[in-house]
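Spelled out, the chains give:
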Amino acid sequence: MNPILKYLGTTGKEKMAKIVSTQADEHPLPDSLICHEDLSYKGQDGATLAADVYRPIDASADPLPIAVFVHGGGLVVGTRKANRAYAELVAERGYVAFIPDYRFLDETDGLGEIADVCAGLSYLKAHAVEFGGDLTRILVIGESAGGFLALYATALSSSPHLQETLGIEAPELSVRALACFGGMIYTTGIDPIGLVYRRDMYGSRLRDADFMDLMNPENPSIESSLPPVLQVVSGADFLKSNTLRYNEALAMAGHDHRLIYYKKGKDLKHAFPSRYPELPQSREVLDRLDAWFKAL
């Protein structure tokens, strides 16, 4: 494993444990919500995975829209528990919030992580009715590195051809929209992200030019398999170039897309809408995301 990724994973797990503990102590579940925790299911290769579901208690009899949230953490750390506060805010807007986990690069590779997210979507498809969710109204949200995983899992869910080509099983779902917060979208280039991640994510497939081309989200087979895309980024986000580049690519392809870009604000750090949901700008993003999704 790349020593940089190994270090980030080791130190990040300690920080993540403190974040989860703090959220549990300082932010008890609102009385208006119910949480189904640690729902267990199997991944494509038999790995044991889990998810949490948040939903309003006093919901109407009609099925609710579903917001799937894929957490960040550089593909080496993170947990669905760290975004509890954001999941609660989404659920309070009248959504079933579905938060799956996935394994990290010390256990699997990039395709394995995508497959884990797809396994979560399969579980969701099988159990959405139990949670009062509407499978015709699905919003997938990815934070940071979770943006990469969310993007590919969403594309696979609408493309049997991609599933066969990449060897990943995915449920057939009509995802209505994809949103990325400070997405780590590009992973194959000769740049700091690519140089650190490429070998651990793709291994011997690095020599397969056709495969590596598919791992560029600008590939027409990927882009054409995506629903409308909304991206959020700030001037203080160290990955803002990924978002701005992909926004231009979507525009060039004529793909339905939207960009929310806060150029100023030092407090608007990386993937701020979900990592710092208490900020007024984060609440504003949630308002705009909710309105955009419901208008589609």
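Let me begin by describing the structure that accompanies this report. As the structure is a computational prediction, the values presented were derived from the model and not from experiment. (Residues numbered from 1 in each chain as written. Predicted model: local features only at pLDDT ≥ 70, side-chain atom pairs only at ≥ 80, totals over all residues. Heavy atoms only, no water.)

A closer look at the sheet that holds strand 6 (residues 175-181)
Just so we agree on the cut-off: Strands are treated as partners if at least two bridges between them are detected by DSSP. Only DSSP runs of H or I reaching four residues or more are called helices, and only runs of E reaching two or more are called strands; each is numbered from the N terminus. To obtain an axis, a line is fitted to C-alpha atoms, over the contacting stretch when the element is a helix, and the angle between two such axes runs from 0 to 180 degrees between their N-to-C directions.
In spatial order, the strands read 1-2-4-3-5-6-7-8; together these eight strands make up an open sheet with mixed pairing. A strand with exactly one partner marks an edge of an open sheet, and here the two such strands are strand 1 (33-42) and strand 8 (257-262). Looking at each pair of strands side by side, their axes are set apart by 20° on average, direction ignored. Pairing geometry for strand 3 (residues 64-70) and strand 5 (residues 133-143), over six bridges, is parallel.

Things to note about the pairing of strand 1
Sheet topology places strand 1 next to strand 2 (residues 48-56); eight bridges connect them, and they run antiparallel. Paired with Ser40 across the bridge in strand 2 is Ala50. A loop of five residues connects strand 1 with strand 2, the two strands running antiparallel in sequence, and Gly46 in this loop sits at a positive phi of about 95°.

Considering the side chain of Asn83
We count it as follows: When a residue's accessible area, from a 1.4 Å probe over protein chains only, is under 20% of the maximum for its type it is buried; when over 50% it is exposed; and in between it is partly exposed.
Of note, Asn83 is situated in the loop between strand 3 and helix 2 (84-92). Since its relative accessible area comes to 6%, Asn83 is described here as buried.

Quick word on helix 4 (residues 145-157)
Formally: Helix span, as expected, comes to 1.5 Å for every residue beyond the first.
An ideal rise of 1.5 Å per residue puts 18 Å on 13 residues; helix 4 measures up with 19 Å between its terminal C-alpha atoms. Burial analysis of helix 4 places 13 of its 13 residues in the buried class, which makes it a mostly covered element.

Regarding the nonpolar core
Threshold: Nonpolar core, defined: a set of buried Ala, Val, Leu, Ile, Met, Phe, Trp, Tyr and Cys residues in which side-chain atoms within 4.5 Å join the residues together. Residue contacts are defined here by distance: any two heavy atoms, one from each residue, within 4.5 Å place the two residues in contact.
Counting residues in hydrophobic clusters, the biggest one holds 70 residues, and the most contacted among them are Ile114, Tyr197 and Met215. The residues contacting Ile114, other than those within four sequence positions of it, are Phe148, Leu149, Tyr152, Ala153, Leu156, Ile168 and Met215.

Quick word on a nonpolar patch on the surface
What counts is decided by this rule: Residues qualify for a patch when their relative accessible area is over 30% and they have no salt bridge, like charges being joined within 9 Å and the nonpolar side chains of Val, Leu, Ile, Met, Phe, Trp and Tyr within 5 Å. Areas reported as accessible are Shrake-Rupley estimates using a 1.4 Å probe. Residue values count occlusion only from the protein chains shown. Salt bridges are defined as contacts in which a side-chain nitrogen from Lys or Arg sits within 4 Å of a carboxyl oxygen from Asp or Glu.
Together, Ile4, Tyr7 and Leu8 line one region of the surface with nonpolar side chains, adding up to about 310 Å² of accessible area. Relative to the helices and strands, Tyr7 is located in helix 1 (residues 3-26).

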